[in-house]
Amino acid sequence: MNDGPHLPEAIDNPLGGARTPAVNSSYHIPNERSVGKLVAMTTTDSVPPAGAAPSAAAEAGPAGPDLQAHFDATIARDQRIEPRDWMPDGYRKTLIRQIAQHAHSEIIGMQPEGEWITRAPSLRRKAILFAKVQDEAGHGLYLYSAAETLGADRADLTERLIEGRQKYSSIFNYPTPSFADVGVIGWFVDGAAICNQVPLCRSSYGPYARAMVRICKEESFHQRQGYELLMTMMRGTDAQRAMVQDAVDRWWWPSLMMFGPPDGDSPNSAASMAWKIKRHSNDELRQRFVDMTVPQAEKLGVTLPDPELRWNEERGRHDFGTPDWSELQRVIRGDGPCNAQRVERRRAAHEEGAWVREAATAHAARRAARAAEAVGTEARGEVRTEKGTAA
Amino acid sequence: MSDDHVYLSLAEGHDDSDARWAFGTGFEDPLHGVDTAVPDGVDARELAARCLALADDALVEAQRLAEWCTRAPELEEEVALANIGLDLLGQARLLYARVGQVDGTGRDEDAYAYFRDAEDFRNVRLAELPNGDFAFSIVRLLVLSCWRLALFGRLASAAPDPVLAAVAAKGVNELAYHRQFAADWTLRLGDGTDESHRRMTAALREIAPYVGELLAVEPGFGIDAGSVRDEVTEVLGQVLDAAGLSLPADGAQPLGGSGREGDHTAHLAPLLAELQSVARALPEATW
């Protein structure tokens, strides 16, 4: 089933690409928060206005009903909001929160697999893994850039991450004790990520949607690579097959939790869906992931650790058990197996790199000053020459 | 691409009925399509030994660069260091494959990387030194990329073996970027803050004794070692001069021994132990 056009045409410059003036020139009215200013965010992260659907009455505020009406109409027409467009504060804050969490997840997500680059058991696997983890750094960069189009600042977002004021996906707080984890993360975690993210290619915010196009292509490549590693391992020795099954057992339930709490307990979902930042509910995406993964597990020859998992002929979908939501809450609160370690590594890299960033800044400033001085000298020289000529 | 059937959309363009499950992601024979016969008149033993040494340099340096992963001072550097590591890893793989064809053993790339011990490695010792701080890693990268670029530029035209010449020609573009990256950071750090200048000076002092060993390496194949040395010295001098830095003069004297003869620091064995740990724990496994 194809429910309409999904991908923006331009993918070469996912963060660029203004819309055609005919569509939005009439309301390219920058407001005080729209460009270049750090948007104030609360430490608890913003929650969109109560009642989900943002209404003109609730949101227009000093911006006036016309701007709100334009915004609402743009969303209703399934067109993109761009950085210079007026947007409600709640929309902006929700996006910054979501994009920043996504960026943080890419950067923290480098760690569990990154630990295996130096130990990958073949040069081919080493190259694949090295490139994958590098891609994640690239995704992080991309997403921080998308957040900056909303007025956020990368350095500030990094501070929020290492101070624990912003979250990242809880899946990366689980350990990776064996090389099979590299394959299972690719299969489950990247698989779940593309389930989540392919719909985000149609997100209403232009820079985010365009970033997601490239990211999804790379994530899907990673997913296939992970699955291919597992296929190879399953064809190998008994010890390798046992490693794969063990990793599947450990990652299955945390992967299902990647889609977030059940719809009834997801406070931000309704507004995000009304704003078309998000297109499908958590439970719907989780169901899709299960339906897609079950036949792959059969093909691979592993067992998914859920006794309640079975095909429901009537629904045409799989029934499955309930994840331990209290575990998810514990991990989100910071009590997962690796929370402290992950944030500490990020903090250490950031702090140990401070002198490098300071040096680069100092050099750039000095070079700019030298260039300015050279121009000044040249200009004065010209003046003298002119005077000399005149004399 | 329909977001309702994610995996189907990913499988677009693949007719194979298994396409939705997994695709091959590697290329089993990196030299596929290349005439790999050793030309007449080429000393196969010498060719194998030189390819092996250049592969070892690249693998060991790539391993050190991989250790930077998730520890770089900024995300842009995270991406760049991985890029350079991947380039070198790629060079190592092509060169190991060539060794396996030439030395008569038919071994694959992994046999050389995972099932030799430190005393069998022929990399220069500069490559195996621990990463230290970002300044040390940048100075090491600058020196190694200056040297390797000078050498590969000559091998691309002078190597009598078409495979080695092709690997070198491919590597020239990569190494030019590595050298540029390292030179840019050398300028920033040399001309940055007092602290960055101090760290760069310390790194140069630490690295200087190993530069002689590198410059003493015989390139072989009739390539004039002096011309390689001159190019490296000149480029290094230009970069360091622009950064307000210099290589301590006492570094001109090589240390005793050479990595090319199997003499290594105590740092190589642990590096290899980590690199080889999984492969050796499960020697019957396929990956």
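Residues numbered from 1 in each chain as written. Chains lettered and ligands numbered in written order. Predicted model: local features only at pLDDT ≥ 70, side-chain atom pairs only at ≥ 80, totals over all residues. Heavy atoms only, no water.

Some thoughts on the overall build of chain B
Argument step 1. Within chain B, the regular secondary structure consists of ten helices and zero strands.
Argument step 2. Ordered by position from the N terminus, the helices and strands of chain B form the series α-α-α-α-α-α-α-α-α-α.
Argument step 3. Out of the 287 residues in chain B, the part that is buried amounts to 55%.
Argument step 4. When contacts within chain B are restricted to residue pairs at least 6 apart in sequence, long-range pairs at least 24 apart make up 79% of them.
Argument step 5. With the model as given, the accessible surface of chain B reaches about 11,600 Å², and the carbon-plus-sulfur share is 51%. (Helix = DSSP H or I, 4+ residues; strand = E, 2+ residues; numbered from the N terminus. Buried < 20%, exposed > 50% of the residue type's maximum accessible area, 1.4 Å probe, protein only. Contact = heavy atoms within 4.5 Å. Areas by Shrake-Rupley, 256 points an atom, 1.4 Å probe, with all protein chains shown as cover.)

Re the overall build of chain A
Argument step 1. The helix and strand inventory of chain A stands at 15 helices and two strands.
Argument step 2. Put simply, chain A has 391 residues, and 56% of those count as buried.
Argument step 3. With an accessible surface of roughly 16,300 Å², chain A has 55% of that area assigned to carbon and sulfur atoms.

Thoughts on the nonpolar core
A general trend in soluble globular proteins is that nonpolar side chains are found buried together.
Argument step 1. One finds Tyr91 of chain A together with Tyr96 and Leu155 of chain B to be the most contacted residues of the largest nonpolar core, which totals 187 residues.
Argument step 2. At 16 residues, the largest contribution of residues to this core is made by helix 6 (residues 134-158) of chain B.
Argument step 3. In this structure Tyr91 of chain A touches Phe71, Ile75, Ile81, Ser204, Tyr205, Trp275 and Ile277 of chain A, once residues within four positions along its chain are discounted. (Core = buried A, V, L, I, M, F, W, Y, C linked by side-chain atoms within 4.5 Å.)

A short note on a negative patch on the surface
Argument step 1. A cluster of acidic side chains, namely Glu218, Asp224, Asp230 and Glu234 of chain B, defines a negative patch on the protein surface.
Argument step 2. With respect to the secondary-structure elements, Glu218 of chain B resides in the loop between helix 8 (194-215) and helix 9 (225-242). (Patch = residues over 30% accessible without salt bridge, like charges linked within 9 Å, V, L, I, M, F, W, Y side chains within 5 Å. Salt bridge = Lys/Arg side-chain N within 4 Å of Asp/Glu carboxyl O. Lys, Arg positive; Asp, Glu negative; His and termini not counted. Charge placed at Lys NZ, Arg CZ, Asp CG, Glu CD.)

A closer look at the confidence of the model for chain A
All names here are of chain A.
Argument step 1. For chain A, the mean per-residue pLDDT works out to 83, and 81% of the residues sit at or above 70.
Argument step 2. The low-confidence segment residues 1-60, where pLDDT is below 50, has 127 contacts with residues more than four positions distant or belonging to other chains.
Argument step 3. Note on residues 385-391: pLDDT under 50 across the span, and zero contacts to partners over four residues away in sequence or across chains. (pLDDT = per-residue confidence, 0-100.)

Some details on the interface of chain B and chain A
Argument step 1. Listed as interface residues are 67 residues of chain B and, on the opposing side, 74 residues of chain A.
Argument step 2. Note on chain B versus chain A: buried area summed over both sides is about 6,300 Å², and carbon and sulfur give 65% of it.
Argument step 3. Across the chain B-chain A interface, the total number found is four salt bridges.
Argument step 4. The closest approach of N and O atoms between Asp191 of chain B and Arg370 of chain A, which form a salt bridge, is 3.2 Å.
Argument step 5. For the interface between chain B and chain A, the tally reads 19 residue pairs in polar contact (both at pLDDT 80 or more).
Argument step 6. Residue contributions to the side of chain B that touches chain A peak at eleven residues, all from helix 3 (residues 75-102) of chain B.
Argument step 7. Tallied by class, the residues present in the side of chain B that touches chain A amount to 34 nonpolar, 13 polar and 20 charged. (Buried area = accessible area lost by both parts, 1.4 Å probe. Polar contact = N/O pair within 3.5 Å; in protein donor to acceptor, adjacent residues only side chain to side chain. Nonpolar A, V, L, I, M, F, W, Y, C, P; charged D, E, K, R; others polar.)

A closer look at helix 7 (residues 162-190) of chain B
Argument step 1. Between its terminal C-alpha atoms helix 7 of chain B stretches 40 Å, which fits the 42 Å expected from 29 residues at 1.5 Å a residue.
Argument step 2. A maximum bend of about 35 degrees is found in helix 7 of chain B at Val172 of chain B. (Expected span 1.5 Å × (residues − 1). Bend = angle between axes of the 7 residues up to and from the residue.)

Re the packing of helix 7 (residues 154-162) of chain A against helix 14 (residues 339-352) of chain A
Residues and elements named next belong to chain A.
Argument step 1. Between helix 7 and helix 14, the least distance of the axes is 9 Å, while the angle of their chain directions is 140 degrees. Relative to helix 14, helix 7 is oriented oblique. The handedness of the crossing between helix 7 and helix 14 is left-handed. Residues Thr158, Glu159, Leu161 and Ile162 of helix 7 lie in contact with helix 14, whose contacting residues are Val343, Arg346, Arg347 and His350.
Argument step 2. Considered class by class, the residues forming the contact of helix 7 with helix 14 number three nonpolar, two polar and three charged. (Axes fitted to C-alpha atoms, helices over the stretch in contact; angles between N-to-C directions. Parallel < 35°, antiparallel > 145°, perpendicular 65-115°, else oblique. Left-handed = near helix turned anticlockwise from the far one by under 90°.)

Focus: the side chain of Glu228 of chain A
Argument step 1. Tracing the chain through its elements places Glu228 of chain A in helix 9 (residues 206-234).
Argument step 2. For Glu228 of chain A, the side chain forms a polar contact with the side chain of Arg124 of chain A, separated by 3.3 Å.

What about the side chain of Glu61 of chain B?
Residue and element names in this part refer to chain B.
Argument step 1. Within the secondary structure layout, Glu61 lies in helix 2 (residues 44-67).
Argument step 2. Despite its burial, Glu61 remains without a salt bridge, the nearest opposite charge being carried by Arg140 at 5.4 Å.
Argument step 3. Ignoring anything within four residues of it in the chain, the contact list for Glu61 reads Leu88, Ala127, Leu141 and Leu144.

Looking at the packing of helix 2 of chain B against helix 6 of chain B
Residues and elements named next belong to chain B.
Argument step 1. For the pair helix 2 and helix 6, interaxial distance at closest approach is 12 Å and the crossing angle is 150 degrees. Judged by the angle between their axes, helix 2 and helix 6 are roughly antiparallel. Relative to helix 6, helix 2 is oriented so that their crossing is left-handed. On the side of helix 2, the interface is formed by Leu54, Asp57, Ala58, Glu61 and Arg64, while helix 6 contributes Arg140, Leu141, Leu144, Trp147, Arg148, Leu151, Phe152 and Leu155.
Argument step 2. Its residues assigned to classes, the contact of helix 2 with helix 6 comprises eight nonpolar, no polar and five charged.

As for the pattern of salt bridges
Residues and elements named next belong to chain A.
Argument step 1. In total, this model carries 39 salt bridges over all chains according to the counting rule given.
Argument step 2. Ionic pairing is found between Glu115 and Arg342, a salt bridge with its closest N-O pair at 3.3 Å. Remark: Arg342 occurs in helix 14 and Glu115 occurs in the loop between helix 5 (110-114) and helix 6 (123-148); sequence separation between them is 227 residues.
Argument step 3. Because the salt bridges share partners, they merge into one network encompassing Glu113, Lys132, Glu136 and Asp190.

A word on unusual backbone geometry
Residues and elements named next belong to chain B.
Argument step 1. Non-glycine residue Thr70 carries a positive phi angle of around 75 degrees.
Argument step 2. For Thr70, the location among the structural elements is in the loop between helix 2 and helix 3.
Argument step 3. Taking relative accessible area as the criterion, Thr70 reaches 8% and is therefore assigned buried.
Argument step 4. Notably, Phe221 is not glycine yet its phi reads approximately 55 degrees, a positive angle.

Side note on the confidence of the model for chain B
Argument step 1. Model confidence for chain B is summarised by a mean pLDDT of 90, while 87% of its residues fall at 70 or above.
Argument step 2. With a pTM of 0.86, the predicted complex shows an ipTM of 0.92.

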